[in-house]
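Residues per chain are reported as follows:
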Amino acid sequence: MDRDRGAAGRRGRRAPSGLFLLYTAVALAVGTQTLGMALMRIACIDAETGGRLPLWRSILRAVLLSLVLPALTAIFHPYNRGLHDLAAGSVVLKVPAAG
């Protein structure tokens with residue numbers, strides 16, 4: 001019985017991270033922002049073209065970002081790009097205020 005509860009607990013912890021990956025990857029592939037990014041007035045774009053990220057690169061970025069450590073490396077990059085941004089070829093920029 002304890003073994004069953006342990007397996008269910010592990011499945012329960014995977015659900016939020018799976019939702020994060022799905023939501024973030026789709027939001028960045030369809031547009032350039034998640035809801036949180038929109039509130040903070042930042043956008044994630046392709047570093048070379050300035051356009052949206054392809055789905056596979058937005059998935060790569062979300063997977064690496066979910067590991068947290070790549071995001072912390074942004075502290076040491078001159079343009080605050082973490083390993084997740086460098087690997088995905090993305091850059092996060094401020095969005096000008098509307099109006």
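Presented here is an overview of the structure given in this document.

**What to know about the overall build of the protein**
Piece 1. Across its full length, the protein carries five helices and two strands.
Piece 2. Ordered by position from the N terminus, the helices and strands of the protein form the series α-α-β-α-α-α-β.
Piece 3. A total of 99 residues make up the protein; the buried ones form 26% of that total.
Piece 4. Partitioning the intrachain contacts of the protein with sequence separation of at least 6 by distance along the chain shows that 52% fall at a separation of at least 24.
Piece 5. Of the accessible surface of the protein, which amounts to about 6,900 Å², a share of 66% is contributed by carbon and sulfur atoms.

**Observations concerning the pattern of salt bridges**
Piece 1. Throughout the structure, instances matching the rule amount to two salt bridges.
Piece 2. Here aspartate 46 makes a salt bridge to arginine 57, at a shortest N to O gap of 2.9 Å. Of this pair, aspartate 46 sits in strand 1 (residues 42-46) while arginine 57 sits in helix 3 (residues 55-66), and the two are eleven residues apart along the sequence.
Piece 3. When its relative accessible area of 7% is taken as the criterion, aspartate 46 is described as buried.

**Brief notes about unusual backbone geometry**
Piece 1. Despite not being glycine, arginine 41 shows a phi value in the positive range, around 55°.
Piece 2. Within the secondary structure, arginine 41 is located in the loop between helix 2 (35-40) and strand 1.
Piece 3. In this structure, asparagine 80 takes a positive phi of about 60° despite not being glycine.
Piece 4. Structurally, asparagine 80 is set in the loop between helix 4 (69-72) and helix 5 (83-88).

**Some thoughts on the side chain of aspartate 85**
Piece 1. Tracing the backbone shows aspartate 85 in helix 5.
Piece 2. Not counting residues within four places of it along the chain, the set of residues in contact with aspartate 85 comprises Cys44, Arg61, Ser90, Val91 and Val92.

Parameters at a glance
- Residues numbered from 1 in each chain as written.
- Predicted model: local features only at pLDDT ≥ 70, side-chain atom pairs only at ≥ 80, totals over all residues.
- Heavy atoms only, no water.
- Helix = DSSP H or I, 4+ residues; strand = E, 2+ residues; numbered from the N terminus.
- Buried < 20%, exposed > 50% of the residue type's maximum accessible area, 1.4 Å probe, protein only.
- Contact = heavy atoms within 4.5 Å.
- Areas by Shrake-Rupley, 256 points an atom, 1.4 Å probe, with all protein chains shown as cover.
- Salt bridge = Lys/Arg side-chain N within 4 Å of Asp/Glu carboxyl O.

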